[in-house]
Amino acid sequence: MEEVGKRSGELCFLNLPNETIAYILSFLPGKELANISLVCKTFYQACKIESLWERKCIEEFGVRNDVTPLIHSQYQIYTKVLSKYGYLLGLWQQKIGTYGGLIKISFVGGRLVATEYRPPAYPNINAPLLTKPFFTVELDDEVQASVRCAIKGAKTPHLCSILHDTCEEPESFLAKCTKVEAHANEGGRVMVC
């Protein structure tokens, strides 16, 4: 008995070259591609083609990995960083104080980088905004996404967490240091954006 698709003159989708299958699959959302790669060996191999994931990073998040040489694959960056934290990309308003501030989250050097923008101190209201690093999301040595506090004045590098589901408003997130004693003068940071 012959296998389906192996008979002469019959064309089977799974017998197409991996690049062709990857092109066809590229019309699916990236999250679906990650699931489809689990269906069979052929789909797995087609879904491992880097150009497919580079295209998904650009289409879905508007980011291009500018690190040369690549430390992590586009697949790893998409599935471990962007699929989980990509919704943070953009400009967020902080919910603190009278004037608040802004958090800009961008994709730089293969990682998400959050920068805090604050208004200048009174009476220098015409001065440029004050900027300082806030947190980064990057792949660690075990190729897992880790959120790290980047606030200057921290005694030691440490993790922080991003909480999205616990916020009252759907378009907000909470950033919280997990090691409050690591900060010299702020007693840790909790920031709602």
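Residues numbered from 1 in each chain as written. Predicted model: local features only at pLDDT ≥ 70, side-chain atom pairs only at ≥ 80, totals over all residues. Heavy atoms only, no water.

(A) The arrangement of the side chain of T42 in detail. Turning to its location among the elements, T42 is positioned in helix α3 (residues 41-47). Here T42 is in contact with L14, N18 and I21, once residues within four sequence places are set aside. (Helix = DSSP H or I, 4+ residues; strand = E, 2+ residues; numbered from the N terminus. Contact = heavy atoms within 4.5 Å.)

(B) View of the packing of aromatic side chains. Inspection of every chain in the model, using the stated rule, returns 8 aromatic pairs. Judged by centre distance (5.1 Å) and plane angle (75°), the rings of W53 and Y75 are edge-to-face. A residue pair is termed long-range when its members are at least 10 positions apart, and W53 in helix α4 (residues 50-61) and Y75 in helix α5 (residues 74-85) qualify at 22 residues. Between F135 and F173 the ring centres are 6.4 Å apart and the planes differ by 85°, which places this aromatic pair in the edge-to-face class. Here F135 is found in strand β4 (residues 130-139), whereas its partner F173 is found in the loop between β6 (160-163) and β7 (174-177), with 38 residues between them in sequence. Each member of the pair F135 and F173 is classed as buried. (Phe/Tyr/Trp six-rings, centres within 6.5 Å; stacked < 30°, edge-to-face > 60°. Buried < 20%, exposed > 50% of the residue type's maximum accessible area, 1.4 Å probe, protein only.)

(C) Quick look at helix α1 (residues 18-25). Among all positions in α1, only I21, A22 and L25 are buried. The buried residues of α1 all sit within an arc of 100° when viewed along its axis, so they share a single face. (Arc of directions from axis to C-beta.)

(D) Inspection of the side chain of Q74 at higher detail. By secondary structure assignment, the location of Q74 is in helix α5. Given the relative accessible area of 5%, Q74 is considered buried. Those residues in contact with Q74 that lie beyond four places of it in its chain are E50, W53, E54, C57 and N65.

(E) Layout of the environment of L112. Assignment of secondary structure puts L112 in strand β3 (residues 111-118). The spacing of L112 and L139 is 27 residues in sequence and 10.0 Å in space, taken between C-alpha atoms.

(F) Here's a closer look at the nonpolar core. Core analysis: the biggest nonpolar cluster contains 36 residues, and I105, L112, F135, I162 and F173 have the highest contact counts within it. Per-element tally for this core: the top contributor is α5, with 5 residues. (Core = buried A, V, L, I, M, F, W, Y, C linked by side-chain atoms within 4.5 Å.)

(G) Region of the structure containing the sheet that holds strand β1 (residues 90-93). An order of β1-β2-β3-β4-β5 is seen for the 5 strands of this open sheet, with the pairing classed as antiparallel. Of all strands in the sheet, those bounded by a partner on one side alone are β1 and β5 (145-149). When strand polarity is set aside, the average angle formed by the axes of neighbouring strands in this sheet is 20°. α5 contacts β2 (102-108), β3, β4 and β5 of the sheet and is inclined by roughly 130° relative to β4. (Pairing = 2+ DSSP bridges. Axes fitted to C-alpha atoms, helices over the stretch in contact; angles between N-to-C directions.)

(H) Structural detail: α5. Along α5, the residues that are buried comprise Q74, I77, Y78, V81, L82 and Y85. Viewed end-on, α5 has its buried residues packed into an arc of 130°, placing them on one side of the element.

(I) Spotlight on a nonpolar patch on the surface. A cluster of nonpolar side chains, F13, L14, Y23, I24 and F27, forms an exposed patch at the surface whose accessible area comes to about 490 Å². Counting through the fold element by element, Y23 comes out in helix α1. (Patch = residues over 30% accessible without salt bridge, like charges linked within 9 Å, V, L, I, M, F, W, Y side chains within 5 Å. Areas by Shrake-Rupley, 256 points an atom, 1.4 Å probe, with all protein chains shown as cover. Salt bridge = Lys/Arg side-chain N within 4 Å of Asp/Glu carboxyl O.)

(J) Structural context of the pairing of β3. Bridge count for β2 against β3 is 7 bridges, and the pairing is antiparallel. Counted as the bridge partner of S106 is V113 from β3. Counted along the chain from β2 to the antiparallel partner β3, the turn is 2 residues long, and its residue G109 has a positive phi close to 60°. With 7 bridges connecting them, β3 and β4 associate as antiparallel partners. Each bridged residue has a counterpart across the sheet, and for R118 the counterpart in β4 is L130.

(K) Expanded view of the environment of G30. Position of G30 relative to the elements: it lies in helix α2 (residues 30-36). On the basis of relative accessibility, which here comes to 0%, the residue G30 falls in the buried class. When the C-alpha atoms of G30 and K56 are compared, they prove to be 6.0 Å apart, with 26 residues separating the residues in sequence. Sequence-distant contacts of G30, that is, excluding residues within four places in its chain, are made with W53, K56, E60 and Y78.

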